Amino acid sequence: MPVITEIEDLKRIYRRRVPKMFYDYCESGSWTEQTFRENSSDFDKLYFRQRVAVDMTGRSTASKMIGQDVAMPVALAPVGSTGMQCADGEIKAARAAEKFGVPFTLSTMSINSIEDVAEATTKPFWFQLYTMRDTDFTSRLIERAKAANCSALVITLDLQILGQRHKDLKNGLSAPPKISPRLLWDLATKWRWDIGMAGAKRRHFGNIVGHVQGISDLADLGAWTAEQFDPTLDWDKVAKLKEQWGGKVILKGILDPEDAKMALKVGADAIVVSNHGGRQLDGALSSIRALPGIMDAVGDQVEVHLDSGIRSGQDVMKALALGAKGTMIGRAFIYGLGAMGEEGVTRALEVIQREMDISMALCGIKTIDQINRDIMLVPEGFEGRWQ
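A brief structural summary.

Thresholds applied
Residues numbered from 1 in each chain as written. Predicted model: local features only at pLDDT ≥ 70, side-chain atom pairs only at ≥ 80, totals over all residues. Heavy atoms only, no water. Helix = DSSP H or I, 4+ residues; strand = E, 2+ residues; numbered from the N terminus. Rg over C-alpha atoms; globule rule 2.2 N^0.38 Å. Buried < 20%, exposed > 50% of the residue type's maximum accessible area, 1.4 Å probe, protein only. Contact = heavy atoms within 4.5 Å. Expected span 1.5 Å × (residues − 1). Bend = angle between axes of the 7 residues up to and from the residue. 1 Å grid on protein atoms, 1.4 Å probe; cavity = no way out; pocket = protein on both sides within 12 Å on 5 of 7 lines; lining within 4 Å. Points joined across faces, edges and corners; volume = space filled by probe spheres on them. Nonpolar A, V, L, I, M, F, W, Y, C, P; charged D, E, K, R; others polar.

### A short note on the overall build of the protein chain
Per the secondary structure count, the protein chain includes 16 helices and twelve strands. Here the C-alpha radius of gyration of the protein chain, 20 Å, is about what a compact globule of 387 residues would show, namely 21 Å. Oriented by its inertia axes, the alpha-carbon framework of the protein chain measures out at about 65 × 50 × 45 Å. Within the protein chain, the proportion of its 387 residues that are buried is 56%. Within the protein chain, contacts between residues at least 6 apart in sequence are counted, and of these 75% link residues at least 24 apart.

Below is the structure:
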């Protein structure tokens, strides 16, 4: 077994084992990928204050996210087509999250369906909703998530229109993939992935196929999906979706203080500061750089989580120090999933928790609620003073 000491170790294995089409889908952003890069690199601009001669015994990374006990303030983010990174990927990731004690979020654009994941797990998970033009389909998705006992609805707000990702277009990304000579050559070297997919429960979008009339093949599915994201989504519609759900709602894709205030007005239980992993508006601020302004706008009136760019336990700590109560990881767990399946997701979570635990000790703190701005050195201008 390889020695895994950091998320980058999993990424290297992942790249060798997963077809290029799906590696590129994960490891890319829109347009020039500036925001994609800065989501991670901006964490490097923040520094810790080392403290010594402090009793470091009895540390714990345990916390709460939207009132739910968690082993650490990290949730697995919704990632589309996770089941193409590894056979039955959503099921394996959900099981790993459940055993570890952190939330798993199932994407609307998942390969395994809501029902598949509910059948394979014993605890409630979160469900992420894309609002579609087909309002009947959206309503039925919400009812299916209720029936599966999902404990939170995560409404993604920043995908009313799809950002252009050059690699996906050039690779002809689809689920299942369209067969081409280039793909066949690539698959010939990915025998682990091939064997897994041969026995996979599904190889298409399980929340859609069989639930939308008229979709019988890949062409039908692609055409329907391309035109379904709802460009008319506004705050009134968000409020109606919250009312229809009737449970805890997390609004994901907040990057501006004014939008954070609007999320507060519609009664969100939590908001996620996110730029969709740099996959939508290129040239937008990194999530960690946008976080302080949002905290200034909403304070402790709503629970704030941070998504995009987290690759380590130290990144999680930096987000918490700047005010977040929780975080989401996407690529970090996908690296593990593609590298080693369920065990790889567990390894990713273990790496992040271990880094948090050691860093907390060296900063002289024992519990998550002690993490605040005092443990950080934040460079002047990091929070943005824009003309």
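### A few points about helix H16 (residues 331-362)
Along its 32 residues, H16 runs just 27 Å from first to last C-alpha, ending more than 12% under the 46 Å computed at 1.5 Å per residue. Helix geometry: H16 is bent most strongly at Met 340, by close to 145°. Of all 32 residues making up H16, 23 are buried, and the element is well covered by its neighbours. Directly beyond the C-terminal end of H16, a positive phi value near 80° is found at Gly 364.

### Brief notes about the layout of surface pockets
Taken as a whole, the largest pocket holds about 1,100 Å³ of empty space. Around the largest pocket, the lining is made up of 47 residues, and of these Tyr 25, Arg 165, Asp 168, Leu 173 and Arg 279 lie nearest the centre. Looking at the lining of the largest pocket, the elements with two or more residues in it are helix H2 (20-26), helix H8 (166-171), helix H11 (218-226), strand S11 (326-329) and H16. The element best represented in the lining of the largest pocket is H11, accounting for six residues. Its residues assigned to classes, the lining of the largest pocket shows 22 nonpolar, 17 polar and eight charged. The space that makes up the second largest pocket amounts to roughly 380 Å³. Taken together, 18 residues line the second largest pocket, and the ones lying closest to its centre are Leu 157, Asp 158, Gln 160, Gly 253 and Asp 259. Put simply, the parts of the chain that give the lining of the second largest pocket at least two residues each are helix H12 (235-245) and strand S8 (249-254). Grouping the constituent residues of the lining of the second largest pocket by class yields nine nonpolar, five polar and four charged.

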